[in-house]
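Understanding the architecture of this molecule
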Amino acid sequence: MLQAAICDNEELFTQKMKTLLADCLKGYELDAQIETFVSAQAFLQACQTKRYDFVFLDVELDEASGMDVACEMRKTNPDAILVFASGFVKYAVQGYKVRAFHYLLKQELEEEFPICMKEVLQEIKRQRQTMSIKTVDGAAVSVRLSDIWYLEGKNHNVCVCTAGGDYLVHDTLNHLCAQIPSEDFMRIQRSFCVNMRNVVQVKGNTVQLANKTVLTASRHAGPELMRRFLQIQGEC
């Protein structure tokens, strides 16, 4: 079951959004628990114990800035898909600071909401993709693709480096990369394959990941590396 939250000072708007969301998810035959909040404080308190799949948040809350609330939310819900809602387009450019996925104008809600939700559900599906690996110790592990930073070939083994730890697999990098059911990964040189979704900077022939790891790419990978990076940044 999906977990969703709607936070807006206007009770009528939260109920309208909840109805739209429930109807939309029904069309996809998906179940969800939808919680509504008219207080930023109540929402952030819920975030202490709840992990939301996606959140709709007003940019202009009475007691706090929506941006500040989003920053606090990210401390406990770093992977929640965040959609800002506002009556003013001027706030849209600020969303990148808190990794907002989408921006909805309230006056265009009915028209834009189905498009937004289609993209949100596609992103949830992408985030939940997994691959099964078997470590050199014989342990079977299911790893979320979104948690993988990079894969490093080491002789006849591959180190799968993830947000949850590193796993050593007896395999070749060529073979393991071919098993990944995603186009988000790129071979940047003979020994490294990176998750482009977790790249935060490409500078020259160096790649910086969200965990601050810096890897070196081969010269011939440069143009394609930059193209893929800019493409993904343009989707966010």
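See above for the structure.
Here goes a summary of the coordinates provided. (Residues numbered from 1 in each chain as written. Predicted model: local features only at pLDDT ≥ 70, side-chain atom pairs only at ≥ 80, totals over all residues. Heavy atoms only, no water.)

Taking burial as the measure, the seven residues of strand β8 (residues 148-154) include five buried ones, the bulk of the element. Bridge analysis of β8 against strand β9 (residues 157-162) gives six bridges, and the strand direction is antiparallel. Pairing of Tyr150 across the sheet is with Cys161, part of β9. Between β8 and the antiparallel strand that follows it, β9, lie two residues; Asn155 among them carries a positive phi value of about 55°. As judged from the three bridges shared by β8 and strand β12 (residues 192-195), these two strands associate in the antiparallel manner. Bridged to Tyr150 within β12 is Val194. (Buried < 20%, exposed > 50% of the residue type's maximum accessible area, 1.4 Å probe, protein only. Helix = DSSP H or I, 4+ residues; strand = E, 2+ residues; numbered from the N terminus. Pairing = 2+ DSSP bridges.)

All right, on to helix α3 (residues 66-76) then. All of the buried residues in α3 are Gly66, Met67, Val69, Ala70, Met73, Arg74 and Thr76. One side of α3 holds all its buried residues, which, seen down the axis, span an arc of 165°. Residues of α3 that are buried sit in contact with α2 (40-47), β3 (54-58) and β4 (81-86). For α3, the capping residue at the N-terminal end is Ser65, with a side-chain oxygen 3.1 Å from the backbone nitrogen of Met67. (Arc of directions from axis to C-beta. Contact = heavy atoms within 4.5 Å. Polar contact = N/O pair within 3.5 Å; in protein donor to acceptor, adjacent residues only side chain to side chain.)

A few words now on the sheet that holds strand β5 (residues 100-105). The strand order across the open sheet built from five strands is β2-β1-β3-β4-β5, with neighbouring strands paired in parallel fashion. Each edge of the sheet is formed by a strand with only one pairing partner; in this case those strands are β2 (32-37) and β5. Between one strand and the next, the sheet's axes are offset by a mean angle of 15°, whatever the strand orientation. As paired strands, strand β1 (residues 2-7) and β2 are joined by six bridges and run parallel to one another. Among the inter-strand pairings, Ile6 is bridged to a residue of β2, identified as Thr36. Together, β3 and β4 form the strand contacts of α3, whose direction differs from that of β4 by roughly 170°. (Axes fitted to C-alpha atoms, helices over the stretch in contact; angles between N-to-C directions.)

Next up on the list: the sheet that holds strand β14 (residues 206-209). Taken in spatial order, the three strands make up an open sheet running β13-β14-β15, and their pairing is antiparallel. Single-partner strands in this sheet number two, and they are β13 (199-203) and β15 (214-216). Across the sheet, the mean angle from the axis of one strand to that of its neighbour is 20°, orientation sign disregarded.

On to the pattern of salt bridges, then. Tallied over the full model, the rule gives eleven salt bridges. Glu72 is the partner of Lys75 in a salt bridge, and the nearest nitrogen-oxygen pair spans 2.8 Å. Note that Lys75 and Glu72 are positioned in helix α3 at a spacing of three residues, about one turn of the helix. One continuous salt-bridge network, built from bridges that share partners, spans Glu123, Arg126, Asp184 and Arg197. (Salt bridge = Lys/Arg side-chain N within 4 Å of Asp/Glu carboxyl O.)

To continue, consider the packing of helix α1 (residues 11-27) against helix α4 (residues 109-127). Two numbers describe how α1 lies on α4: the axes approach to 11 Å, and their chain directions differ by 55°. One element, α1, and the other, α4, form an angle in the oblique class. As α1 runs across α4, the sense of the crossing is right-handed. Side by side, α1 and α4 meet where Phe13, Lys16, Met17, Leu20, Leu21, Cys24 and Leu25 of the first sit next to Leu109, Glu110, Phe113, Met117 and Leu121 of the second. Grouping the constituent residues of the contact of α1 with α4 by class yields ten nonpolar, no polar and two charged. (Parallel < 35°, antiparallel > 145°, perpendicular 65-115°, else oblique. Left-handed = near helix turned anticlockwise from the far one by under 90°. Nonpolar A, V, L, I, M, F, W, Y, C, P; charged D, E, K, R; others polar.)

The next thing to look at is the packing of α2 against α3. Where α2 meets α3, the axes come as close as 9 Å, and the angle between the chain directions of the two elements is 15°. Our classification of the angle between α2 and α3 gives roughly parallel. In the packing of α2 onto α3, the handedness of the crossing is right-handed. Packed against α2, whose contacting residues are Ala40, Phe43, Leu44 and Cys47, the element α3 presents Val69, Glu72, Met73 and Thr76 at the interface.

Don't take any of this as a statement about function, it's just geometry.
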